[in-house]
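# Descriptive analysis of the structure
Listed here are the chains, written in short residue letters.
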Amino acid sequence: MEATVSDERPAREGPATFREVFAQPEYRAVFTASALSWIGDYIAKAAVTVLVYRETESVALSAAAFAVSYLPWLVGGPLLATLAERHRYRQVMVTCDLIRMALMVLVAIPGNPPWLILALLFGTTLANPPSQAARSALMPLILTGDRVVVGLSINASTGQAAQVIGYLLGAAIATVNPTAALLINAATFGASALVVRLGVRDRPSAMTSAHRSHLLRETAEGFQIVFGRPVLRSIAVLVFSAMLFSIVPEGLAAAWAAEGSGGHLGTGLAQAVIMAANPVGFILGGLLVGRAFSPDRRLALMRPLAVLAPAVLVPALLNPPPVVVALLAAACGFAVAGLLPVANGLFVRALPDGYRARAFGVMASGIQIIQGIAVLTTGLLAERFAISTVVGTWSAAGVLLMLAAALTWPSRETVDAAVESAGRPTADATIPQSRRPCPPVQPAGTADERPGERGRRSHAVT
């Protein structure tokens, strides 16, 4: 999950266009670097599972090679993301890319034992939290106003598309030469580092050495500010709730396709269609909702879409064929994409400067944990009950959860006050004044790139 900000109340500005977002050179650089890294990562994930399985003929070790990428978020995502606050964002992104490039080259060396491959992969993924946190915190410094929300929507949709493309390419290349696929991933990290280094302006770190405390304390402050402020807490609940059910069809796709015998598609194709449906729906929803509706209307649609997302999965109770399951999953992805970028933009705007990377670590780790819990729990339930019953009932409970989140959503005045407060350097904060990092010094002539610098303010979420 990723964070960002800007200025201008939604009611006073029209929807930003893709052209306006891509007109910003720094955004083009970050977008290109991110797309390269994402595609390379998914190519490598597909290739590594093939490589490990060929070496060991162990399904468990092959699955471990795939799952190892999630471990850093689970064991220390917020702590690693806090490191991004201490250093220049461009420096963090470039350094992480170069580390990942070097480690992926080592993974590609023929003859590596499986334990070494897993260890190197784990080392590679340790660079993900600080890199993604730095990129997330950099976005509001690059884009302003509604461009932030549109930029986030583009990023999210591109990430989903990269997943589909990367898996397809990775599986195709890995069947011929897994090493080549890993070297392609290393090359994408190198290209990403170069693009960021040349295309992104160097900025001071969000936290100066004078305002550092202990890394654990700084990480705890990230949790405190996310869950200690009503508006940020409400956004976190909404986002976590959405993740709790939207991942379930994808996570149970293999068993669901087998249980339904794949219908006319065949089991393998049915699984692929179900797994791809949610990302495809997310891509369409992110691009269409982000472009077709004004900022104010998107904000108003956020709560109805939050309830609609689990509601469209409730018909799974009727045990539909795989094609219908895929359509339901796509509709869920569409609804989630309509609310998530808006939530991301609002979250970032309600965050004080100096906490964005840490808050991103909290949210991203929470999303990974929530998704894992959802798939694990529904998988265990599916051992005793029909998958269609489990998914339909789980989604019905999701409707109730989303209704509760929507009904307890803060008022517009409370949201406005939180956004305005975050834009004031001296605003009251949940964190004690003595622990508050100073806002980074902005070079002369660049005030228009900083949210809050011109006294205007707008809505968005993380």
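Residues numbered from 1 in each chain as written. Predicted model: local features only at pLDDT ≥ 70, side-chain atom pairs only at ≥ 80, totals over all residues. Heavy atoms only, no water.

Within the chain, the secondary structure is distributed over 19 helices and zero strands. Out of the 462 residues belonging to the chain, those deemed buried represent 55%. Counted over contacts in the chain with a minimum sequence separation of 6, partners at least 24 positions apart contribute 88%. Accessible surface for the chain amounts to roughly 18,300 Å². Of this, 66% is attributable to carbon and sulfur atoms. (Helix = DSSP H or I, 4+ residues; strand = E, 2+ residues; numbered from the N terminus. Buried < 20%, exposed > 50% of the residue type's maximum accessible area, 1.4 Å probe, protein only. Contact = heavy atoms within 4.5 Å. Areas by Shrake-Rupley, 256 points an atom, 1.4 Å probe, with all protein chains shown as cover.)

Relative to the elements of secondary structure, D416 occurs in helix α19 (residues 412-422). Residues D416 and A350, spaced 66 residues apart in sequence, show a C-alpha to C-alpha distance of 8.7 Å.

Attention now moves to the packing of helix α15 (residues 295-311) against helix α16 (residues 322-349). One way to put it is that α15 packs onto α16 with a least axis distance of 8 Å and a crossing angle of 135°. In terms of orientation, α15 and α16 fall into the oblique class. When you trace α15 past α16, the crossing you get is left-handed. From α15, R298, L299, M302, L305, A306, L308 and A309 reach across to α16, where they touch C332, A335, V336, G338, L339, V342, A343 and L346. Tallied by class, the residues present in the contact of α15 with α16 amount to 13 nonpolar, one polar and one charged. (Axes fitted to C-alpha atoms, helices over the stretch in contact; angles between N-to-C directions. Parallel < 35°, antiparallel > 145°, perpendicular 65-115°, else oblique. Left-handed = near helix turned anticlockwise from the far one by under 90°. Nonpolar A, V, L, I, M, F, W, Y, C, P; charged D, E, K, R; others polar.)

On to the nonpolar core. Formed by 62 residues in total, the largest nonpolar core has its most connected members in V226, I235, L238, M302 and F347. Of all the elements, α16 adds the most residues to this core, at twelve residues. Ignoring anything within four residues of it in the chain, the contact list for V226 reads L232, R233, A236, F347, A359, V362 and M363. In terms of nonpolar packing, the next biggest core, distinct from the first, is built from 34 residues, V30, M139, L143 and A357 among them. (Core = buried A, V, L, I, M, F, W, Y, C linked by side-chain atoms within 4.5 Å.)

This part covers the pattern of salt bridges. Tallied over the full model, the rule gives four salt bridges. Across the pair R203 and E26 runs a salt bridge, and its minimum N-O distance is 2.9 Å. Taken together, the residues span a long stretch of sequence, with R203 in the loop between α9 (178-199) and α10 (215-228) and E26 in helix α2 (residues 25-56) at a distance of 177 residues. The class for E26 is buried, based on a relative accessible area of 8%. (Salt bridge = Lys/Arg side-chain N within 4 Å of Asp/Glu carboxyl O.)

This paragraph deals with the confidence of the model for the chain. For the chain, per-residue confidence averages 77 on the pLDDT scale, and residues scoring 70 or more make up 82% of the total. The low-confidence segment residues 1-12 (pLDDT under 50) makes 73 contacts with residues lying over four places distant or belonging to another chain. Residue range residues 426-462 is modelled with pLDDT below 50. Its contacts to residues more than four positions away, or to other chains, number 129 contacts. (pLDDT = per-residue confidence, 0-100.)

Here we come to α16. Over its 28 residues, α16 extends 41 Å from the first C-alpha to the last, a length consistent with the 40 Å expected when each residue adds 1.5 Å. The buried fraction of α16 amounts to 23 of the 28 residues, a majority that puts the element mostly inside the structure. (Expected span 1.5 Å × (residues − 1).)

Together, L71, L74, I369 and I373 line one region of the surface with nonpolar side chains, adding up to about 310 Å² of accessible area. At the level of elements, α4 (71-86) and α17 (356-382) are the ones that each hand at least two residues to the nonpolar patch. Here L74 lies in helix α4. Relative accessible area serves as the criterion here: at 42%, L74 is assigned to the partly exposed category. (Patch = residues over 30% accessible without salt bridge, like charges linked within 9 Å, V, L, I, M, F, W, Y side chains within 5 Å.)

Moving on, we get to the environment of V419. Relative to the elements of secondary structure, V419 occurs in helix α19. A relative accessible area of 2% means that V419 is categorised as buried.

What follows deals with unusual backbone geometry. Look at N319: it is not a glycine, yet its phi comes out positive at around 55°. Take N319: its relative accessible area is 49%, and that puts it in the partly exposed class.

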